[in-house]
Amino acid sequence: MAEGQFSVRNQNVLFRNRFIVKHKPYRVSLTSDYICWEQETRTDLRTVLPWEEVISLSPCDCDISARHVKCQYCQYNPDQCRTGLGEQVPLQARAVKLYYAERCGKYKWRLATVTFHPQKGFVVRELLGAAKKVLQGLNRPHRLLIFINPYGGKKAALQIFEKKVAPLLQLAGIDIEVIVTQYANHARNMIQEIDIEHFDGVVCVGGDGMFSELLNGLLVRTQKKAGVNYNLPSSSLVTPLICLGVIPAGSTDAVTYCTTGINDPVTSTLLIIMGAKLSIDICSIHHDKYLLQYATSFLSYGYFGDTLVDSEKHRWMGPKRYDYSGCKKFLQGQLYEGEIKLAVTSVVDSQNDKDRCRAGCKVCTTVTRTGIDSGAEGIKQDSGKDPKYLKVRGKFIAINVATMTCRCAMTKDGISPTAHLGNGCTDVILVTKCSRLNFLRYLFRTAFHNANPVV
């Protein structure tokens, strides 16, 4: 949304008329690119809103003289949210209410509203009709399949969906089908069995584990359908044609932090409604020529891996289980001796890079992707270069692989702050044998980033 001077003379105007906004006369204009309202007495007070940020326009029966009183059409709650665009406009509608996404802060989005009271009654239908044509032409989801994990995190996924997610989806006129998972890998099994062709996207309301289940199920389903042997590490994967979204309701929500910059269900829901898409890197884990699973975000062998395994025994503790298991494994001081062999086409030391990956990152957008236009995760293929092998032998406390920064509440900048979401690379962080004091320093630097944790 932009405010201030903006030229509309040369634009293709679909609608223009006078309305009352906040008891002052405004001129409202619609084009194929934006909706604009400007105060007639002060041309510097102008708001230009791109259609991508419009959630809905709804008929409204609010009396302009009755402040703080909402009519039956603009009650924002799960039982009475209406878009008005898919139904006939009621004859008693006196105004139009615009719902739109408004950025507040660096990453957070919230729902905002403005009400247009026409000076002539018949223009309500005309405005809604013009807006309906534009909104129907946007590349947005119209039907979503939603999986909810009621056991993850603080076990608040159902409450988050009912109070924060469902009202917004209903307001946007999106049809939904909801599946509440009952056991581990329920979502993974379901996504491989049910017909998803008539959905525009699959969304999970849960944490990183739930997202991983759906990611694996969707990728395996796609490879089976395409006849790809996904057990071979050298196989070129086929990109799914359907988008995968996530609304945070877990313990760490690292995927949400990395892709949206914030752990906020409303922000994630609004971005899904607006059709925001982002390609991310996926890696596979194989053993004895068999696929174990696909993964994104973070892989670890040693300290962090042991912490995650132990924390599964204490899920009743909620997010605090990570602190408990982390302290437990730190005191044990387990070491792993062996040799690490890395097949690489290039090595880049990016730890001193000050740039951070964001939506529209130049590094990620310039990398060749497979299937990025199809609206799914861009799966990186090998560039064709002969790999060189790096060998590291010794005793290790932790062996970490990060395909994204892995930001979460426990590490504000992530395990690897300079990692990119979609550049086809992964960061390998090796923590060799050291004193407990030095390892504790590494953990604190990783958590609070008061200093570079890898130097």
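Values in this document were obtained by computation on a predicted structure and should not be read as measured data. (Residues numbered from 1 in each chain as written. Predicted model: local features only at pLDDT ≥ 70, side-chain atom pairs only at ≥ 80, totals over all residues. Heavy atoms only, no water.)

1. Digging into helix α7 (residues 303-311)
Alright, step 1. Within α7 the residues assigned to the buried category are Tyr303, Phe304, Gly305, Thr307, Asp310 and Ser311.
Alright, step 2. Structurally, α7 contributes buried residues whose contacts are with β15 (298-302), α8 (320-332), β17 (388-402) and α10 (436-448). (Buried < 20%, exposed > 50% of the residue type's maximum accessible area, 1.4 Å probe, protein only. Helix = DSSP H or I, 4+ residues; strand = E, 2+ residues; numbered from the N terminus. Contact = heavy atoms within 4.5 Å.)

2. Quick notes on the pairing of β17
Alright, step 1. Pairing of β15 with β17 involves 5 bridges; the strand directions are antiparallel. Each residue of the ladder has a partner; that of leucine 299, found in β17, is valine 401.
Alright, step 2. When strand β16 (residues 336-344) meets β17, the two strands line up antiparallel, connected through 9 bridges. From the neighbouring strand, alanine 343 faces β17, where its bridge partner is tyrosine 389.
Alright, step 3. Pairing geometry for β17 and strand β18 (residues 427-432), over 6 bridges, is antiparallel. (Pairing = 2+ DSSP bridges.)

3. Thoughts on the side chain of asparagine 400
Alright, step 1. Mapped onto the elements, asparagine 400 comes out in strand β17.
Alright, step 2. Asparagine 400 sits in the buried class, given a relative accessible area of 1%.
Alright, step 3. Within polar-contact distance, the side chain of asparagine 400 engages the side chain of tyrosine 442 at 3.5 Å.
Alright, step 4. With residues near it in sequence (within four places) discarded, asparagine 400 still touches Phe298, Leu299, Ser300, Phe304, Asp427, Val428, Ile429, Val431 and Tyr442. (Polar contact = N/O pair within 3.5 Å; in protein donor to acceptor, adjacent residues only side chain to side chain.)

4. A short note on the sheet that holds strand β10 (residues 175-180)
Alright, step 1. If you walk across this open sheet you meet the 4 strands as β10-β9-β11-β12, and the pairing is parallel. Each end of this open sheet is capped by a strand with a single partner; those strands are β10 and β12 (243-248). When strand polarity is set aside, the average angle formed by the axes of neighbouring strands in this sheet is 20°.
Alright, step 2. Where strand β9 (residues 143-148) and strand β11 (residues 201-206) come together, 5 bridges link them in parallel fashion. The residue bridging phenylalanine 147 from the neighbouring strand is cysteine 204, located in β11.
Alright, step 3. Along the sheet, helix α2 (residues 157-171) makes contact with β9, β10, β11 and β12, crossing β9 at roughly 170°.
Alright, step 4. In the packing of helix α3 (residues 186-193) onto the sheet, contacts are made with β9, β10 and β11, and the angle to β9 comes to roughly 150°. (Axes fitted to C-alpha atoms, helices over the stretch in contact; angles between N-to-C directions.)

5. A few points about the pattern of salt bridges
Alright, step 1. Applying the stated rule across the entire model yields 10 salt bridges.
Alright, step 2. Where lysine 225 meets glutamate 197, a salt bridge forms, and the shortest distance between an N and an O atom there is 3.2 Å. In this pair, lysine 225 is assigned in helix α4 (residues 208-226) and glutamate 197 in the loop between α3 and β11, connecting sequence segments 28 residues apart.
Alright, step 3. The exposed category is assigned to lysine 225, whose relative accessible area is 67%.
Alright, step 4. Judged by relative accessible area, glutamate 197 falls into the exposed class, the value being 51%. (Salt bridge = Lys/Arg side-chain N within 4 Å of Asp/Glu carboxyl O.)

6. Thoughts on the packing of α7 against α8
Alright, step 1. Where α7 meets α8, the closest approach of the two axes is 8 Å, and the angle between their N-to-C directions is 130°. With respect to each other, α7 and α8 are oriented oblique. In terms of crossing hand, the pair formed by α7 and α8 is right-handed. Where α7 abuts α8, its residues Tyr303, Asp306, Thr307, Leu308, Asp310 and Ser311 lie against Arg321, Tyr322, Ser325, Gly326, Lys328, Lys329 and Phe330.
Alright, step 2. Of the residues assigned to the contact of α7 with α8, the class counts are 4 nonpolar, 4 polar and 5 charged. (Parallel < 35°, antiparallel > 145°, perpendicular 65-115°, else oblique. Left-handed = near helix turned anticlockwise from the far one by under 90°. Nonpolar A, V, L, I, M, F, W, Y, C, P; charged D, E, K, R; others polar.)

7. Topic: the packing of α3 against α4
Alright, step 1. One way to put it is that α3 packs onto α4 with a least axis distance of 8 Å and a crossing angle of 30°. The angle between α3 and α4 falls in the class roughly parallel. The chirality of how α3 crosses α4 is right-handed. Between α3 and α4, the contacting residues are His186, Ala187, Arg188, Ile191, Gln192 and Glu193 on the first element and Met210, Glu213, Leu214, Asn216, Gly217, Leu218, Val220, Arg221 and Lys224 on the second.

8. Focus on the side chain of serine 297
Alright, step 1. If you trace the backbone, serine 297 turns up in the loop between β14 (290-295) and β15.
Alright, step 2. The contact partners of serine 297, leaving out residues within four places of it in the chain, are Val255, Val401, Ala402, Thr403, Met404 and Cys406.

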